[in-house]
Amino acid sequence: MHPFSYTKVSDIAGALAAGRRGGRYIAGGTTLVDLMRETVERPGTLVDISALPLRDVTATARGGLRIGALVRMAEAAAHPKVRATYPVISQALELGASPQLRNMATIGGNIMQRTRCAYFRDVTAACNKRDPGSGCAALGGFNRTHAILGASDHCVATHPSDVAVAFAALEASVHLVGPDGRRGVAFADFLLPPGSTPQREQAVRPGELITAVEIPALPRPLRSGYLKVSDRQSYEFALTSAAVALHVRDGVIREAKVAAGGVGTVPWKLPAVERRLIGERPSEALWAEAAQQAADGARPLTHNKFKIELLKRTVERQLRIVGGTA
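A. Structural view of the sheet that holds strand β1 (residues 5-8). Taking strand neighbours across the sheet as the criterion, the three strands line up as β1-β3-β2 in an open arrangement whose pairing is parallel. Two strands bound the open sheet, and with one partner strand each, they are β1 and β2 (24-26). Ignoring strand direction, the axes of neighbouring strands in this sheet form an average angle of 30°. In this structure, β1 lies alongside strand β3 (residues 45-48), joined through four bridges in parallel fashion. Across the sheet, the residue bridging to T7 is V47, located in β3.

Below, the structure written as structure tokens:
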């Protein structure tokens, strides 16, 4: 680990001042500290923001939900408002890490975490995300766990967050504060696909701080859930996952929110699946037909062609569960 300085701030103004000077924000540290140990990240200054007043979960005026950036994963998963209104979030959080990590990691840190691609974390391997212009060793290497959606010739790494898939499905927004004031960013625009600049992963401006994630109000009744498929049942990153929320009124699907994880360079919204569902009556045939759209545009690699079929089956299974026909 390389030398660095450390400072702890007690208010947002102090955090922004330190961020403007190039400091890196840290709260739970469950990702950044690991990357520093592996010398993938070498920040000169760490700014501890864990004392900032960003730990509330509140209902919004319009009936949505706002989760502070420093709410721990375990706290958010167990919160009565989250469990009652958006169980998909609680399920994704509980499947997203071990109990020890969930007790430390924050919501803001979770969506900012970097890929678990082995080539990214191996400083001897070529990785455009870590060292722009060096190449992507995963393209011709062992890429079983890599992306089939949203990849480019520069990067095929998946985004590891589970709760980010739920946020993508629910069309959440990220609230930030920075030198230029406050702003909100739609979750679909917050995490960036690699394109030709894989080193730029989030739409965060220099010195900006995440303050909250807000989930909009959705029509009720709403059924939602998260399904994750991985190599083992205990804590592991997803091979595929599906976040689904359905609003069914008078026996017809009026709203459908669906996203997939483990298969994309960012949490992957599935609008073709949603379009196939809206206006239809729940049925076994409908779930199967809609799931066939889940892998639209997939670009498999040498070792992960199986992910196309696995993604379709995962989406179909979760539609059945949430739709009440499983």
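B. Expanded view of the pattern of salt bridges. Following the criterion strictly, the structure yields 23 salt bridges and no others. Put simply, K129 and E201 hold a salt bridge, and the shortest N to O gap is 3.4 Å. Taken together, the residues span a long stretch of sequence, with K129 in the loop between α8 (118-121) and α9 (163-169) and E201 in the loop between α10 (187-190) and β8 (209-215) at a distance of 72 residues. Taking the shortest distance from any N to any O, the salt bridge between D162 and K228 comes out at 3.0 Å. Highlighted residues: D162 in the loop between α8 and α9 and K228 in strand β9 (residues 223-229), separated in sequence by 66 residues. Owing to a relative accessible area of 4%, D162 belongs among the buried residues under this scheme. A relative accessible area of 15% means that K228 is categorised as buried.

C. Molecular detail of the sheet that holds strand β12 (residues 268-269). Pairing in this open sheet of four strands is antiparallel, and the strands run β9-β10-β11-β12 from one edge to the other. The open sheet has two edge strands with one neighbour each: β9 and β12. With two bridges joining them, strand β11 (residues 252-261) and β12 adopt antiparallel strand pairing. Residue A260 lies in a different strand from β12, and its bridge partner there is W268. Sheet contacts for helix α5 (residues 87-95): β9 and β10 (240-249); angle to β9, the most-contacted strand, approximately 20°. Against the sheet, helix α13 (residues 306-323) contacts β9, β10 and β11, and its axis sits at roughly 35° relative to β10.

D. The packing of helix α12 (residues 284-291) against α13, seen in detail. For the pair α12 and α13, interaxial distance at closest approach is 8 Å and the crossing angle is 145°. α13 is crossed by α12, and the crossing has right-handed handedness. Contact with α12, carried on its side by E284, W287, A288, A290 and A291, involves K312, V315, E316, L319, R320 and G323 of α13 and no other residues of that element.

E. Here's a closer look at the environment of V204. When you line up the elements, V204 lands in the loop between α10 and β8. With a relative accessible area of 23%, V204 lands in the partly exposed category.

F. Main features of the side chain of D162. Polar contacts involving the side chain of D162 include one to the side chain of Y226, which spans 2.5 Å. At 3.0 Å, the side chain of D162 and the side chain of K228 are in polar contact. Setting aside residues no more than four positions away along its own chain, D162 makes contact with A92, L95, G96, Y226, K228 and A238.

G. Examining the packing of aromatic side chains more closely. Going through the model one piece at a time under the given rule, you end up with three aromatic pairs. Pairing F187 with F190 gives two aromatic rings, centres 6.2 Å apart and planes at 35°, and the pair type is tilted. With a gap of three residues between them, F187 and F190 both fall in helix α10, about one helical turn apart. Neither residue differs from the other here; F187 and F190 are each classed as buried. A cation over an aromatic ring shows up here: R220 above the ring of Y86, its NZ or CZ 5.0 Å from the ring centre.

Calculation notes
- Residues numbered from 1 in each chain as written.
- Predicted model: local features only at pLDDT ≥ 70, side-chain atom pairs only at ≥ 80, totals over all residues.
- Heavy atoms only, no water.
- Pairing = 2+ DSSP bridges.
- Helix = DSSP H or I, 4+ residues; strand = E, 2+ residues; numbered from the N terminus.
- Axes fitted to C-alpha atoms, helices over the stretch in contact; angles between N-to-C directions.
- Salt bridge = Lys/Arg side-chain N within 4 Å of Asp/Glu carboxyl O.
- Buried < 20%, exposed > 50% of the residue type's maximum accessible area, 1.4 Å probe, protein only.
- Contact = heavy atoms within 4.5 Å.
- Left-handed = near helix turned anticlockwise from the far one by under 90°.
- Polar contact = N/O pair within 3.5 Å; in protein donor to acceptor, adjacent residues only side chain to side chain.
- Phe/Tyr/Trp six-rings, centres within 6.5 Å; stacked < 30°, edge-to-face > 60°.
- Lys NZ or Arg CZ within 6 Å of the ring centre and 35° of its normal.

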